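The primary structure of each chain is shown beneath.
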Amino acid sequence: FFSSRRRHTRYWRDWSSDVCSSDLPSEIENALKFSAYLKEAVVVADRRPFVAALIQIDADTVGKWAEEQGLAYTHFRSLVEHARVRDLVQTEVDRVNARMPQVQQVRKFHLLAKELDHDDGEVTATMKIKRASIAQKYAAEIEALYRGAA
């Protein structure tokens, strides 16, 4: 699909803006959100060497799964920080990656420790992602995903 990394970079350009020039990020995000365990996904790849994502779990579904697994947690953050929850999300990411061309596969992800919120300026009133706001608010987490990448 992409013949070179340079072409890849041009194609994925300008993802951090609120207006996306390609439907590809939303296709990857929607594929991830098709999982009952994942509520939100924000794909990151703007001028980056690979695709990464910020992922928000579905608290109700993952909470029920955790209870069935006998995992103790007290709140959203403690659930997100559990290693088995991370493994569950990795399984879901791997499932989506298996259907994607290599250049579109999510290589790394960060689990959001809180739900995205309209009051925090992260989503619109209709729950659409505000990419620029997310890119700014989670800049440190995004940079950590790419730290050490060539």
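Residues numbered from 1 in each chain as written. Predicted model: local features only at pLDDT ≥ 70, side-chain atom pairs only at ≥ 80, totals over all residues. Heavy atoms only, no water.

Here we take up helix α5 (residues 83-97). With 15 residues, α5 should reach 21 Å at 1.5 Å per residue; the first-to-last C-alpha distance of 21 Å fits that figure. Every buried residue of α5 is listed here: Val 85, Leu 88, Val 89, Glu 92, Val 93, Val 96 and Asn 97. Close packing links the buried residues of α5 with α2 (24-33), β1 (38-44), β2 (51-57), α3 (59-69), α4 (76-80) and β3 (106-111). (Helix = DSSP H or I, 4+ residues; strand = E, 2+ residues; numbered from the N terminus. Expected span 1.5 Å × (residues − 1). Buried < 20%, exposed > 50% of the residue type's maximum accessible area, 1.4 Å probe, protein only. Contact = heavy atoms within 4.5 Å.)

Applying the stated criterion to the full structure yields 9 salt bridges. With its nearest N and O atoms 3.4 Å apart, the salt bridge here joins Lys 39 to Glu 115. Residue Lys 39 is found in strand β1, and its partner Glu 115 is found in the loop between β3 and α6 (131-137); the two are separated by 76 residues along the sequence. Look at Glu 115 and you get partly exposed, because its relative accessible area is 34%. (Salt bridge = Lys/Arg side-chain N within 4 Å of Asp/Glu carboxyl O.)

Inspection of every chain in the model, using the stated rule, returns 1 aromatic pair. On the basis of an interplanar angle of 35 degrees and a centroid distance of 4.6 Å, the ring pair of Phe 50 and Tyr 146 is categorised as tilted. Within this pair, whereas Phe 50 is found in the loop between β1 and β2, its partner Tyr 146 is found in helix α7 (residues 139-146), the two being separated by 96 residues in sequence. By relative accessible area, which is 6% here, Tyr 146 ends up buried. Sitting over the ring of Phe 109, Arg 86 keeps its end group 4.2 Å from the ring centre. (Phe/Tyr/Trp six-rings, centres within 6.5 Å; stacked < 30°, edge-to-face > 60°. Lys NZ or Arg CZ within 6 Å of the ring centre and 35° of its normal.)

So, on to the nonpolar core. In terms of nonpolar packing, the biggest core is built from 27 residues, with Leu 32, Ile 55, Ile 57, Val 89 and Val 106 touching the most fellow members. Put simply, the parts of the chain that give this core at least two residues each are α2, β1, β2, α3, α4, α5 and β3. Looking at this core element by element, the count peaks at 5 residues for α5. With residues near it in sequence (within four places) discarded, Val 89 still touches Leu 38, Ile 55, Ile 57, Phe 109 and Leu 111. Residues Ala 52, Leu 54, Ile 134 and Tyr 146 belong to the second largest nonpolar core, which totals 14 residues. (Core = buried A, V, L, I, M, F, W, Y, C linked by side-chain atoms within 4.5 Å.)

Turning next to the pairing of β2. Here is the key point about a regular strand: its side chains alternate between the two faces of the sheet. Summarising burial for β2: 7 of the 7 residues are buried, a large majority. On β2, burial covers both faces: Val 51, Ala 53, Ile 55 and Ile 57 on one face and Ala 52, Leu 54 and Gln 56 on the other are all buried. As paired elements, β1 and β2 share 6 bridges and run antiparallel to each other. Within the sheet, the bridge partner assigned to Val 44 lies in β2 and is Ala 52. Hairpin geometry of β1 and β2 is characterised by an intervening segment of 6 residues between the two adjacent antiparallel strands and by a positive phi of about 55 degrees at Arg 47. In this sheet, β3 lies alongside β2 in parallel orientation, the contact comprising 5 bridges. Bridge assignment links Leu 54 to a residue of β3, and that residue is His 110. (Pairing = 2+ DSSP bridges.)

This next bit is on the environment of Tyr 138. Take Tyr 138: it is sitting in the loop between α6 and α7. Residue contacts for Tyr 138: discarding those within four places in its chain leaves Leu 54, Leu 112, Lys 114, Leu 116 and Glu 122. At 3.1 Å, the side chain of Tyr 138 and the side chain of Glu 122 are in polar contact. (Polar contact = N/O pair within 3.5 Å; in protein donor to acceptor, adjacent residues only side chain to side chain.)

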